[in-house]
Structure formats: C-alpha cells, structure tokens
Amino acid sequence: MGQATRTAHTKRLGALFSTGQEHGEQLRQAAAAAKRRALNRLPDLLEQAEARLIENGCQVRWAETAAEVRQHVLEIAQQHSVHKIIKSKSMVSEEVGLNAALEAAGLEVIETDLGEYILQLAGEMPSHIVTPVIHKSKAAIRDLFMAKLGMPYTDDAQVMTRFAREHLRAAFLSAEMGISGGNFIVAETGALALVSNEGNARLSTTLPPIHVALVGIEKLVETVEDYALLTQILPRSATGQAMTVYTQLIHGPRRPADPDGPSHLYIIFVDNGRSAIYQGHYAAALACIRCGACMNACPVYRVTGGHAYGAVYPGPIGAVITPLLNGLEQARPLPHASSLCGSCKQVCPVDIDLPAMLLALRHDLVASGQRDLAFSALIKGWEVGGAVSGSLGAGRAGGAVGASGVGQAPAASAGQLDRHPRFSWFCAALLSPALARAADSAALMKARQAILERLRATQRAALPAEAPRHPEVAPAPSGDLVAHFVRATQNLSAEVTLVASEAAALAKIWDLLGDARQISGWGLARLTLKGLAEGLAARGITLDPGDHRARFSLTGVDAALAATGSLLLTSGPGQPRSASLTAETHIALVQRAQIVPNLEAWIAAQRATGLPLREAANVVIISGPSRTADIAMELVLGAHGPAALSILVLP
C-alpha cells in the first residue's frame, strides 16, 4: 500500500509539473477557478445541461436520495426488460448501494473494471477511488481467480488479466444495460464525459442497448474549454498520465445513421446530500474531481489503507465529505483521521483546503457534543509517536499508547481503524438498505424542483468567481508537428510508421494482417486509401464493421494531437465506435494534415465553426493501447480494449 501510493504520488509530480513548477501551479489554479465558477452557477448550469442533454436525445432524471437512485435504475431496467447489467467503475453506485438493490430484484450485475471485478468476486468494498484493489497482492488475486473462476495456476499478471478479459467479453456482448458514472457533464453542449484506461467503460457505454449514467450534481463544468482543462488535469493527478487511454465525450444515444451505440441514454443527476453541503461553508469540497491524489500523499492513508475509514470515500477527501453527506453523528472519528500535515491541499488539483475543513469539522463535532475521546487519543498518540521518531511505524506504536490510555484496544491503531466501533457502525449503516427511505412516484417527480430550490437558496459569493486564462495543459509543440506526434505516440507503447506512399501503407497493412480473413473497422467509404478495397478483395479479407470478435480493426481518425500522441475519433455513418475498441490490434490511418498541436487547438477549431463536435453522438480520444495496473500495480496492455495500436502516418 505504502509503495503503491508513493509511486502514484511520484508519477503525479512528473506529469503535472513536466513543463515546470510555475506552469503546474497555473494549471492547478485555473482548474480550481473553473470548478468554483461552475459551483457558483450550479443551479443554472444544471438546467442548461438538462436542456442540452434532452436536445441530444438523452432522458434526464433527478434523485434526491440513494433510495431514489436505486428506484430510477430499477424502473429503467423493468421498462426495458433488462436481466443482465454490466457496470464500469462508479463511486456513486457504491455510495447508494446500487448493486445490492439490483441483485435483490433478481438482476445479474457484473462489474467490468478489473479492480472492481476482483472486489466483486471477493465480496469487498473498494479501498481507493482510482485503484480500488490497491490493497490486494498478486497472490491473493491469483488464488481468488482460481477459486471463483477456475483459472489455472499462474503468477503472471498478464495471464491473469487475459483470463479476466476472456471471461468478461461474453458479458459485454450479452448485457442489455450498461451503467457508468460520469467524470464531468459539459453544460454548454450537454455532454457526458468519461475517462478510463482499460476499455471497459467504452464497452459498457457502447455495446448494450441501454446506457444509464449516475452523475453527482456537482460534476457540472461550464464550457468545453473548462472540460479540456479538467479532463487533462485529472489523469495527471490520478495516474501520472498526460491523458487516459480513453477520454470520451458522449452527446447522446446513437443517431439514426450510426452503426452502433446504445438506443437509449439515461442521465440520473444525484443529490444524496450534496445540496446540503452546497448550502454550508464546506461547499468548496464539491469541487473535488475524484483523482485520489490526496490519498496517495496522505501519511495516514498510506499506513491504514482505505478500508480503515469504513466508508465509500476514504482518505482526506473522504474524511471531509463522508460526515457531510451522512451526518457528523454517523462518522465521528473521520475528521480526526488526519495528521494535518497539509499534503492533501498541496497536491489537490483544484486546491481544496482539506486541512482547514478537517479542523472546522473537529470544531463542529465538539460544538455538537459529538467528541470521541478514544479516537482523539488514538490519533494524538499516532501524531506524537511519528513526530518523535519521524517514522510511520513509531506513529502506529504511539497510537497504541494513546488508545490504551483511554481503554481502547491497541489493535485499532495498527492500521485497522475499521475495527473501531464508530467505523464498524458507520460502515454497516451505510450499506444497510433498511436505512434508505422508500420514495413513491410523487416524491421522485418533485426531486428536481426540491434540489434546484435548495441550491438557489444559497449564494455562493464566498467562492472565487473569476477565472484566469486557461494555460494549455500540454503546450503546443514548436517545429515539426509530425515528429512531435511520432515521439509522443511511441511513449504510449504504440507502434507508429511514417509511410512515403499509399502503396507503402498498403504493404504495411498486409504485413500487420498476416493470415487474417475477417477484420472490423470503419466502412470502406470512410477509409480513403487508394487500392485498399481491391487489396482486401484480392486477399479474401472481409471488412465487417460489426464484427466484435475480429482480431484486427482498421479505422481512420478525425484528428491527431501532437502534444500527447493521441488519436481523436468521432462516431457517425460508416464510423462505428466499437471499431477502435473490440479487436486485439487497432490499425489507425492518420493523414499528416490531420495532426494538430493539442486538444485546446482542436477545440478552438471546433469553436470557430460553431462546435460541430456536438453533432457526433460519441467523441473518443485514444492515447495508446488499453492498459491496467490493477494486479499488484504491474502494467499490462490489453485489459479490455486492443493490446496493440499500430498507427500509419500517411502522406
């Protein structure tokens, strides 16, 4: 746990400050201003987003409580006769206890994020919001796969990942509903934004006919430019990547001429305590973009792990928002689960002052008579022990002394805070369906009005409203864009080939395809490579855009980003979104003229022509092959999407 979080923390430093300390700090302040500006206008942006989403063909629902979220999803499943559901990682679904409710109704629910799938098999909660299975060893995962799935013995993380991929592919192809979370909602265009690395989120939002997205009401951003900033800040803070492998903008269900994609897209705006936070002096906590950087930097989390917090959201941000979402009386120890060293504020990409909030929550606890002497002594002992020797191990010993002084068993100080009675009670309460109030249809109809009224009753003048000019996250390269693109792409474990002619491109394609007789991809009308159709026919190769079991896929691109080595593809007639996703090897054809400096430059060009990106139901930015590090933090390519990406740069 400690080594994994330190590695993630180090990678964050390299990614966020790759162009210098000053630039990295400018990015943090610009991101903070963008989120706070959105919070200032939250009720208006929610209404704007709702209108745009409906224009885009989405169906929008509102939920005040966890029970209402569960009821919405169950009603949608019943309406469409759903029996099998696949899920990509969603902390909101964990927060509201969705899986248990769906399973109680007789539905099959399958987690598809590799880490979440492992936890589902083990019957455990996530211990980190980004890397949920960070607490499990490779041996423990191996033994679990052997016991639950019948996997042959292996100590190879690549083999384990491949086994899980094959096991889950049938679920992707047969599920009737896919459930996702949402990293952002772009109010200006009505877009659901998702970031992921494995490919399971794209599969879950592409293959099933029904897509349901659970999105906290705080996830709104105002403009596409704000989105471009935040969607690049998030992976740099979370995993140390310039961009995640898959960065999606979903503008609605499939269009009439689209070859694939869901027929129905439901967006459920989730309150579940957020509007109450918005009304108080902790509103800035809602700016959190769920990157997990505060957990990776926190000395307490590094020792105890996420399960010690006994709540869905662990670490410093969890110690703040869990009491606010669920009540101080239900999470008394959490605000004390911090050494107040300040690391969490220092690493937060949106500059939330978590230490100040933790101190304020401690004050609130005392003022309300909720002080927990045993836990306070435990943490004080940990702080003193750590300060005396400078070691976390001594901190744990000091915690044992502090706990014993008030009659608390020393076991609770040894990185097992979940054994503390307050944590155990809270964890049980959070997961108990009996505590969720039943909501009838009339209450569900009133949810939208009630949420907006609470938000509008609060003036957010205390949050800074002015935003500095957005600096480019990945500055535009100077010089030859093609050369920059090639270098950046190679750093992402992709193969890139500069071809001098169309004939050379065809020769490379035939070499890659080998003895393949059927491939997937874009339609031939969209692949404007002279001689391609004739060459495929001469070799007896069939191009079937809907073949989800083909080993190879062949697509073009709409643009390529030089600064990050990324490909940008949109869905539309002849351009199935699954073509870049389901094969083992994705071959992409890039014209030199399609290479632009960075994401900001592409959006500026879209802005100049009226933001036509909204016309595509799906926009995806691909940065290398699919990958995961969920098994003992070992990098493996080909988690659910292609294990190989071969890019041909054409004249």
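Since we're looking at a predicted model, the values are computed, not measured.

Calculation rules
- Residues numbered from 1 in each chain as written.
- Predicted model: local features only at pLDDT ≥ 70, side-chain atom pairs only at ≥ 80, totals over all residues.
- Heavy atoms only, no water.
- Helix = DSSP H or I, 4+ residues; strand = E, 2+ residues; numbered from the N terminus.
- Buried < 20%, exposed > 50% of the residue type's maximum accessible area, 1.4 Å probe, protein only.
- Contact = heavy atoms within 4.5 Å.
- Areas by Shrake-Rupley, 256 points an atom, 1.4 Å probe, with all protein chains shown as cover.
- Phe/Tyr/Trp six-rings, centres within 6.5 Å; stacked < 30°, edge-to-face > 60°.
- Lys NZ or Arg CZ within 6 Å of the ring centre and 35° of its normal.
- Pairing = 2+ DSSP bridges.
- Axes fitted to C-alpha atoms, helices over the stretch in contact; angles between N-to-C directions.
- Parallel < 35°, antiparallel > 145°, perpendicular 65-115°, else oblique.
- Left-handed = near helix turned anticlockwise from the far one by under 90°.
- Nonpolar A, V, L, I, M, F, W, Y, C, P; charged D, E, K, R; others polar.
- Core = buried A, V, L, I, M, F, W, Y, C linked by side-chain atoms within 4.5 Å.
- Polar contact = N/O pair within 3.5 Å; in protein donor to acceptor, adjacent residues only side chain to side chain.

1. Some remarks on the overall build of the chain
Thinking step 1. Counting its regular elements, the chain contains 25 helices and 22 strands.
Thinking step 2. By the burial criterion, 63% of the 651 residues in the chain qualify as buried.
Thinking step 3. Sequence-distant contacts in the chain: of pairs separated by 6 or more residues, those separated by 24 or more amount to 79%.
Thinking step 4. On the chain, roughly 22900 Å² of surface is accessible, and the fraction owed to carbon and sulfur atoms is 54%.

2. Quick look at the packing of aromatic side chains
Thinking step 1. One pass over the structure, following the stated rule, counts three aromatic pairs.
Thinking step 2. Taking the centre distance of 5.1 Å and the plane angle of 55° together, the rings of Trp-62 and Phe-269 count as tilted. Here Trp-62 is found in strand β1 (residues 59-63), whereas its partner Phe-269 is found in strand β10 (residues 264-270), with 207 residues between them in sequence.
Thinking step 3. With a relative accessible area of 0%, Phe-269 lands in the buried category.
Thinking step 4. In this structure, Arg-290 is placed above the aromatic ring of Tyr-313, and the distance from its NZ or CZ to the ring centre is 4.9 Å.

3. Things to note about the sheet that holds strand β9 (residues 246-250)
Thinking step 1. Spatially, β8-β5-β6-β9-β19-β16-β15-β18 is the arrangement adopted by the eight strands of the open sheet, whose pairing is mixed. The open sheet has two edge strands with one neighbour each: β8 (220-221) and β18 (595-596).
Thinking step 2. Pairing geometry for strand β5 (residues 184-186) and β8, over two bridges, is parallel. Its bridge partner lying in β8, Ile-185 is registered against Leu-220.
Thinking step 3. Seen against the sheet, helix α25 (residues 599-608) touches β15 (559-561), β16 (566-570), β18 and β19 (618-622) and runs at an angle of roughly 145° to β15.

4. Some words on the sheet that holds strand β4 (residues 177-180)
Thinking step 1. Judged by pairing direction, the sheet is parallel, and its six strands sit side by side in the order β1-β10-β7-β4-β2-β3 without closing on themselves. In this open sheet, the two edge strands, each paired with only one partner strand, are β1 and β3 (108-111). On average, each strand axis in the sheet is inclined to that of its neighbour by 20°, with strand direction left out of account.
Thinking step 2. Pairing geometry for strand β2 (residues 84-87) and β3, over four bridges, is parallel. Following the sheet pairing, Lys-84 is matched in β3 by Glu-108.
Thinking step 3. Packed onto the sheet, helix α3 (residues 42-55) meets β1 and β10 and runs at close to 145° relative to β1.
Thinking step 4. Each of β1, β4, β7 (210-216) and β10 is contacted by helix α4 (residues 66-79), which is oriented at about 145° to β1, the strand it contacts most.

5. Here's the deal with the pairing of strand β17 (residues 585-591)
Thinking step 1. Counting buried residues along β17, six of its seven residues qualify, which places the element largely inside the surrounding structure.
Thinking step 2. Sheet topology places strand β14 (residues 552-555) next to β17; four bridges connect them, and they run parallel. Bridging from a neighbouring strand, Thr-555 pairs with Ala-588 of β17.
Thinking step 3. As judged from the seven bridges shared by β17 and strand β22 (residues 644-650), these two strands associate in the parallel manner. Opposite Ala-588, over in β22, you have Ile-647 as the bridge partner.

6. Some thoughts on the packing of helix α7 (residues 114-122) against helix α8 (residues 138-149)
Thinking step 1. Relative to each other, α7 and α8 sit at 60°, their axes nearing to 10 Å. Judged on the interaxial angle alone, α8 and α7 are oblique. Relative to α8, the crossing made by α7 is left-handed. Of the residues in α8, those in contact with Leu-114, Tyr-117, Ile-118, Leu-121 and Ala-122 of α7 are Ile-141, Leu-144, Phe-145, Lys-148 and Leu-149.

7. A closer look at the pairing of β1
For a regular strand, the rule is simple: side chains alternate between the two faces of the sheet.
Thinking step 1. Taking burial as the measure, the five residues of β1 include four buried ones, the bulk of the element.
Thinking step 2. Sheet topology places β1 next to β10; five bridges connect them, and they run parallel. The residue of β10 that forms the bridge with Trp-62 is Phe-269.

8. Overview of the packing of helix α15 (residues 315-326) against helix α17 (residues 354-367)
Thinking step 1. One way to put it is that α15 packs onto α17 with a least axis distance of 10 Å and a crossing angle of 40°. For the element pair α15 / α17, the angle class is oblique. Classified by chirality, the crossing of α17 by α15 is left-handed. Facing α15, whose interface residues are Pro-316, Ile-317, Ala-319, Val-320 and Leu-324, α17 presents Leu-354, Met-357, Leu-358 and Leu-361.
Thinking step 2. Here the residues of the contact of α15 with α17 are counted per class, giving nine nonpolar, no polar and no charged.

9. A short note on the nonpolar core
Thinking step 1. Counting residues in hydrophobic clusters, the biggest one holds 129 residues, and the most contacted among them are Val-212, Ile-267 and Phe-269.
Thinking step 2. Ranked by residues supplied to this core, first place goes to helix α11 (residues 224-238) with eight residues.
Thinking step 3. Not counting chain neighbours up to four residues away, the residues in contact with Val-212 comprise Val-73, Ile-76, Met-177, Gly-178, Ile-179, Ser-180, Tyr-266 and Ile-268.
Thinking step 4. Ile-141, Met-151, Ala-494 and Ile-631 belong to the second-largest nonpolar core, a separate cluster that totals 67 residues.

10. Some thoughts on unusual backbone geometry
Thinking step 1. With phi around 55°, Ser-81 is a residue other than glycine that occupies positive phi space.
Thinking step 2. Structurally, the position occupied by Ser-81 is in the loop between α4 and β2.
Thinking step 3. A positive phi angle is found at Met-633, which is not glycine, with a value near 60°.
Thinking step 4. On the secondary structure map, Met-633 appears in the loop between β20 (627-628) and β21 (636-637).
Thinking step 5. Look at Met-633 and you get partly exposed, because its relative accessible area is 38%.

11. Quick notes on the side chain of Thr-154
Thinking step 1. Checked against the element boundaries, Thr-154 lands in the loop between α8 and α9 (157-174).
Thinking step 2. What makes Thr-154 buried here is its relative accessible area of 12%.
Thinking step 3. A distance of 3.0 Å separates a polar atom in the side chain of Thr-154 from the backbone nitrogen of Asp-156.
Thinking step 4. Excluding residues that lie within four positions of it along the chain, Thr-154 makes contacts with Arg-142, Val-159 and Met-160.

12. Considerations on the environment of Leu-650
Thinking step 1. Summarising the element assignment, Leu-650 is placed in strand β22.
Thinking step 2. A residue is classified by how much of its surface remains accessible, and Leu-650, at 4% relative accessible area, is buried.
Thinking step 3. Sequence separation between Leu-650 and Thr-497 is 153 residues; the distance between their C-alpha atoms is 8.7 Å.

13. Some details on the side chain of Ser-553
Thinking step 1. By secondary structure assignment, the location of Ser-553 is in strand β14.
Thinking step 2. The buried category is assigned to Ser-553, whose relative accessible area is 0%.
Thinking step 3. Engagement of the side chain of Ser-553 in a polar contact is seen with the backbone oxygen of Ala-579, the distance being 2.7 Å.
Thinking step 4. Filtering out sequence-adjacent residues up to four positions away, Ser-553 remains in contact with Ser-520, Ala-579, Ser-580, Ala-583, Thr-585, His-586 and Ile-587.

14. Focus on the environment of Gln-518
Thinking step 1. Of note, Gln-518 is situated in strand β12 (residues 518-521).
Thinking step 2. C-alpha of Gln-518 to C-alpha of Asp-544: the two residues are 26 residues apart in sequence and 7.1 Å apart in space.
Thinking step 3. Discounting residues that sit within four places of it in the chain, Gln-518 has contacts with Ile-541, Thr-542, Asp-544, Asp-547 and Ala-550.

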